[in-house]
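Close look at the chain arrangement
The lines below spell out each chain.
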Amino acid sequence: MRLLTMRNLLSHIATVVAFSVAIFLDVSYSKPALGANLAFDTERPVPLILDDDGSQDGLIALAYMLQNPKFDVKAITISQGIARPQLFSNNLMRSLTRLGVTGIPVGVGSEDPLAGDNRYPELFRVDSDAFYSPFVPPLTETAQESVDQRDAAQLIIDTIKQSPDPVAILATGSLTNIAEALRRDPSIVNNVAAVEVMGGAVFTEGNLSFHTDPILAQNAVSEFNIWADPLAAQEVFASGLPIFLTPLDATNNTLFTVADRDAWRNGGTPESLLAAQLMDYSFAFISGGEQNPTQVWDLVAAINLSEPNFVSEVLLPLRVDITSAPSIAQGQTVVDDSLTPNVYVSFSPNFNNLSFKSSEIFSARTVAVPEPSTILGFLAVGGGFAFLKRKTL
C-alpha cells in the first residue's frame, strides 16, 4: 500500500512538472484534435475513420460518434486486440443493421500484430465473440450489408485518399491497421487531420497486471492497446501524423455512473440504448457492481476528439519501448527528451469544462466556448463549435 501511494505521488508530481514545462516553453494546449486549420461545421461534418478492437467501451465510443453531428463516419476498421477481427466484423454488420445504419464500410484487420506475439487473454475475448450478450440482446438480425472486401489497412488508405477534406481517425485498439496502412502508403499523412489514440500510460501505472498470464502480468508500465502491438504504435508515433493521446492518465479518473447509464437508456435512440446495454456489461465485469463507477476508456477518447474544452493537452516527445521483454516494459510509452515533441497528451479530462454532463453526451449538441483571456484562448468559432490553435516549438 505504501509503495502504491508513493507511485501515485510520483505520478502526480510528474504530471504537474509536465504541465509546468509546457507552459514555460509557451506550448499552448490544442483542442479539438483536428489540427490548427480545421473547424467544426455541422453543415460539413468532419470525415471520420473509427479503428477499434471490438471492446465494449469501443462500441460505446462508436455509438457516440454515429449520432454525433460533428462527424461523418466514413469507415470502421477492426484491429486485433480484444476481438477476433473477422468474427467481430460479421457481428458488427448485424449490429449496424439493428441500429439502422447503412453505407459505412467495415474492414477486417489482421489477426496478428506486426511483430511478436502479444495478445489479449482468451478469457477477455469470449464476451467480444458473443457481442456482449446477454447484456446486448443476441444479434438475430440478418445483416443488410456485408463486410468490405478490402482489408482494414486498404480501407483506411482509400478512405483518406478519396476524401476531399482531411480525415480524423479515432483509434481505440491496437494500432496495427494504421501502421500497416502507413507502410503501404506513407503519403496518407498528408490528408489526416488528427489521430486520437486511446492508449498508453505516461506518468501512471499500466494495466497489464490484469493479464491472466502471471508472467505477463508482471509488466507494471504498459497499457493493453499499445502493448498488443508495440511496433505498430512506435511506427505510428514516429510517422509525422498529428497524434493526440488519451492515456490511462486521463481515463483512470474519468468515471461513469449508473445515473449516466440510466440517462442514456432513456435517450430514445438506438445508439444510446446500445451504450446503456454495454454499460450494464461494464458494471458487471469491469467495476464490480453498479455501486461502483466504471471506466469507459474509449468513450473518453471519443469525447476528447469531439469537444475542444474537455481537456488541456501537453506536447511531449514520446516513443514506445519495443525492445524490452513483454513481461518487463515492452509497450511502455516513454517520454524521451532526445526526441522532437511528437504527441499531444491528455491528462485531466473534466466534464465541468463542458456545457453538458456525462449523462447528456447522447443528447448534447453544443460545447462551451472558452474565454479569449484564458491560457488557451481561441482562434475561431464556426458552425456553433470552437477550435483552438496550437503553437509549435
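Before any of the text, the structure's been laid out above.
Overview of the structure. (Residues numbered from 1 in each chain as written. Predicted model: local features only at pLDDT ≥ 70, side-chain atom pairs only at ≥ 80, totals over all residues. Heavy atoms only, no water.)

Points about the packing of aromatic side chains
Summed over the entire model, instances satisfying the criterion amount to 16 aromatic pairs. Residues F256 and F351 carry aromatic rings whose centres are separated by 6.0 Å and whose planes lie at 85° to one another, so their mutual orientation is edge-to-face. With a gap of 95 residues between them, F256 in strand β7 (residues 255–256) and F351 in the loop between β12 (343–346) and β13 (380–382) connect regions that are remote in the sequence. The burial state of F256 is the same as that of F351; both residues are buried. Seen from their ring centres, Y281 and F285 are 4.9 Å apart, and the 35° between their planes marks the pair as tilted. (Phe/Tyr/Trp six-rings, centres within 6.5 Å; stacked < 30°, edge-to-face > 60°. Helix = DSSP H or I, 4+ residues; strand = E, 2+ residues; numbered from the N terminus. Buried < 20%, exposed > 50% of the residue type's maximum accessible area, 1.4 Å probe, protein only.)

What to know about empty space enclosed by the protein
Across all of its chains, the model carries two cavities of 30 Å³ or more by this definition. Its boundaries defined by the atoms lining it, the second largest cavity holds a volume of some 40 Å³. Lining the second largest cavity are L50, D52, G58, L59, L62, I76, I78, F88 and L92. Looking at the lining of the second largest cavity, the elements that each hand over two or more residues are β1 (46–52), α2 (56–66), β2 (71–78) and α3 (85–99). Among the elements that take part in the lining of the second largest cavity, α2 stands out by supplying three residues, more than any other. Residues that form the lining of the second largest cavity fall into these classes: seven nonpolar, one polar and one charged. (1 Å grid on protein atoms, 1.4 Å probe; cavity = no way out; pocket = protein on both sides within 12 Å on 5 of 7 lines; lining within 4 Å. Points joined across faces, edges and corners; volume = space filled by probe spheres on them. Nonpolar A, V, L, I, M, F, W, Y, C, P; charged D, E, K, R; others polar.)

What to know about the pattern of salt bridges
Inspection of every chain in the model, using the stated rule, returns 20 salt bridges. One salt bridge connects D117 with R119, and the closest N-O pair in it is separated by 2.8 Å. Judged by its relative accessible area of 25%, R119 is partly exposed. (Salt bridge = Lys/Arg side-chain N within 4 Å of Asp/Glu carboxyl O.)

A few points about the sheet that holds strand β6 (residues 243–246)
Across the sheet, eight strands lie side by side as β3-β2-β1-β4-β5-β6-β12-β9; this open sheet has mixed pairing. The open sheet has two edge strands, β3 (106–108) and β9 (313–316), and neither has a second partner. Each strand of the sheet is rotated relative to its neighbour by a mean of 25°, with strand direction disregarded. As paired strands, β6 and β12 are joined by three bridges and run parallel to one another. Bridging from a neighbouring strand, F244 pairs with Y344 of β12. (Pairing = 2+ DSSP bridges. Axes fitted to C-alpha atoms, helices over the stretch in contact; angles between N-to-C directions.)

Focus on helix α12 (residues 297–306)
Extensive coverage of α12 is indicated by the burial of 10 of its 10 residues. Along α12, the positions that sit buried rather than exposed are W297, D298, L299, V300, A301, A302, I303, N304, L305 and S306.

Considerations on unusual backbone geometry
Omega for the bond connecting S133 with P134 falls within 30 degrees of zero, at 10°, which places this linkage in the cis form. Within the secondary structure layout, P134 lies in the loop between α4 (122–129) and α5 (152–162). One non-glycine residue, F131, lies in positive phi territory at about 50°. The topology assignment puts F131 in the loop between α4 and α5. Phi is positive for Y132, close to 60°, though the residue is something other than glycine.

Digging into the layout of surface pockets
In this model, the largest pocket occupies a volume close to 970 Å³. In terms of lining, the largest pocket is formed by 37 residues, of which the most central are F124, N207, F210, I286 and W297. Going through the elements one at a time, α1 (2–24), α2, α4, α7 (224–227), α11 (270–285) and α12 are the ones with two or more residues in the lining of the largest pocket. Taken together, the residues that form the lining of the largest pocket break down as 17 nonpolar, 13 polar and seven charged.

Looking at α5
Residues three or four positions apart in an α-helix share a direction because the helix packs 3.6 residues into each turn. With eight of its 11 residues buried, α5 lies for the most part within the structure. Those residues of α5 hidden inside the fold are in contact with β1, β2, β3, β4 (167–171), α6 (176–184) and β5 (192–198). (Contact = heavy atoms within 4.5 Å.)

Remarks on the packing of α2 against α3
Orientation of α2 relative to α3, taken along the N-to-C sense of each, is 40°, at an axis distance of 13 Å. As summarised for this structure, α2 and α3 are arranged oblique, according to the angle between their axes. Like other packed secondary-structure pairs, α2 and α3 cross with a definite hand, here right-handed. Of the residues in α3, those touching α2 at L59, L62 and L66 are F88, L92, L96 and L99. Partitioning the contact of α2 with α3 into residue classes produces seven nonpolar, no polar and no charged. (Parallel < 35°, antiparallel > 145°, perpendicular 65-115°, else oblique. Left-handed = near helix turned anticlockwise from the far one by under 90°.)

What about the pairing of β5?
With respect to burial, β5 is a largely interior element, seven of its seven residues being buried. The pairing of β4 with β5 spans five bridges and is classified as parallel. Note on β5: the bridge partner recorded for A168 is A194. Taken together, β4, α6 and β5 form a β-α-β motif whose crossover is right-handed. Of the pairings in the sheet, the one linking β5 to β6 comprises four bridges and is parallel in character. Looking at β6, one finds that E196 is bridged to F244. (Right-handed = clockwise from strand over helix to strand, strands pointing away.)

Remarks on the nonpolar core
Core analysis: the biggest nonpolar cluster contains 66 residues, and M65, L92 and W264 have the highest contact counts within it. For this core, the leading source of residues is α2, giving eight residues. When near neighbours in sequence (up to four residues on either side) are disregarded, W264 contacts I60, F256, S272, L273, A275, A276, M279, L299, S358, S359, I361 and F362. If you look at the next biggest cluster of nonpolar residues, it comprises 36 residues, including I49, L182, L241 and L318. (Core = buried A, V, L, I, M, F, W, Y, C linked by side-chain atoms within 4.5 Å.)

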